Amino acid sequence: MDTKDSSSVWSALAPRWSELFPLRPDRIEMCRTRCGLGGTFLDVGCGDGALVETMLDAGRDAYGSDMDGKAVQRAKSRVGDRRERIQQASMTEVASLFPGTSFDLVVCLGQTFPHLVSDQDVRAFLVGARDRLAHDGSLLIQVMSDADLPAERELPAREIPGLRLERRRILDQGGERAHLELKATTEDGCSTWSVEHRVWTPESLSGMAFSVGLWAVSVAADESGREWTGREPGWILELARNAESRPW
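Residues numbered from 1 in each chain as written. Predicted model: local features only at pLDDT ≥ 70, side-chain atom pairs only at ≥ 80, totals over all residues. Heavy atoms only, no water.

Asker: Please give an account of the sheet that holds strand β12 (residues 234-240) that cites residues and values.
Answerer: The strand order across the open sheet built from seven strands is β4-β3-β2-β5-β6-β12-β11, with neighbouring strands paired in mixed fashion. With one partner strand each, in any of the chains shown, β4 (86-88) and β11 (215-220) form the two edges of the open sheet. Neighbour to neighbour, the strand axes of the sheet diverge by 20° on average, direction disregarded. Pairing analysis gives three bridges linking strand β2 (residues 40-44) to strand β5 (residues 103-108), with the strands arranged parallel. Residue Leu-42 lies in a different strand from β5, and its bridge partner there is Val-106. Lying over the sheet, helix α7 (residues 202-211) contacts β6 (133-144), β11 and β12, oriented at roughly 20° with respect to β12. (Pairing = 2+ DSSP bridges. Helix = DSSP H or I, 4+ residues; strand = E, 2+ residues; numbered from the N terminus. Axes fitted to C-alpha atoms, helices over the stretch in contact; angles between N-to-C directions. Contact = heavy atoms within 4.5 Å.)

Okay, structure coming up:
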């Protein structure tokens, strides 16, 4: 078994990311609904660019960024002659992306956002996203929930021809951090990684966002917009610069 640095996991999985995690229709519909025809859209942590390509094809002015070079290469290849719409950058660099463009919708979906573990990095992302939003724009952040769940649990495995990806989530004793253990098995053997996540609740993230001038608008259980009851495996928080709302 080959244990690798956590930063290499995304490069290793990038060539088959869309097979492992196909773009869900509910995610497409959510983004299309929140960002109308001709609207500006930014996917932070865009991976191989599947959502950016889909939004471009749906008539949106779409852009994406990712910190992994191999993912960015695949995303640029996916969007073809629109490759300038993909940039390599970390989440903390969102303020510098695509200068002069304001976004009607910025999204950070999947389990991208929890990779920011320090207050400094979280605030850098939130402030950067806030400053890039159009006056009535929205920021959507998706997070896995750990509420009322075992401190150590297996997540559903992903299996495609020639590759099986197993995942285990382990909470630390303080409940503020989680480690995502990944094991990829191929014909050539196994590779493992450990990725650190910060643990959030809608209340804690809304409070952090409010401290930098973002209002909590709504929290949903998933991309379908179902109401968050606290028992679902994850949630999506909508934040805005201008909203008749209050912090959670």
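Asker: Would you mind going over the pattern of salt bridges in detail, with residue names and values included?
Answerer: Counted according to the given criterion, the structure contains 18 salt bridges. With a closest N to O distance of 3.0 Å, Arg-78 and Glu-53 form a salt bridge. Here Arg-78 is found in helix α5 (residues 69-79), whereas its partner Glu-53 is found in helix α4 (residues 50-57), with 25 residues between them in sequence. Linking Arg-153 and Asp-146 is a salt bridge whose minimum nitrogen-to-oxygen distance equals 3.0 Å. Note on accessibility: Arg-153 and Asp-146 belong to one class, buried. One continuous salt-bridge network, built from bridges that share partners, spans Arg-24, Arg-27 and Glu-223. (Salt bridge = Lys/Arg side-chain N within 4 Å of Asp/Glu carboxyl O. Buried < 20%, exposed > 50% of the residue type's maximum accessible area, 1.4 Å probe, protein only.)

Asker: Now, about the state of the cysteines: what can you tell me, with residues and values included?
Answerer: On inspection of all chains with the given rule, the structure shows zero disulfides. Free of any disulfide, Cys-35 has its nearest neighbouring cysteine sulfur in Cys-31, separated by 8.3 Å. By relative accessible area, which is 0% here, Cys-35 ends up buried. Its sulfur unpaired, Cys-46 is 11 Å from the next cysteine sulfur, which belongs to Cys-108. The class for Cys-46 is buried, based on a relative accessible area of 7%. (Disulfide = S-S within 2.5 Å.)

Asker: Pulling in residues and values, what's your account of α5?
Answerer: Regarding α5, the residues found buried are Ala-71, Val-72, Ala-75 and Val-79. Viewed along the axis of α5, the buried residues span an arc of 100°, placing them on a single side of the element. Of the exposed residues in α5, those oriented more than 90 degrees away from the buried face are Gln-73 and Ser-77. In this structure, the buried side of α5 is in contact with α4, β3 (61-66) and β4. (Arc of directions from axis to C-beta.)

The analysis is restricted to geometry; functional conclusions fall outside its scope.
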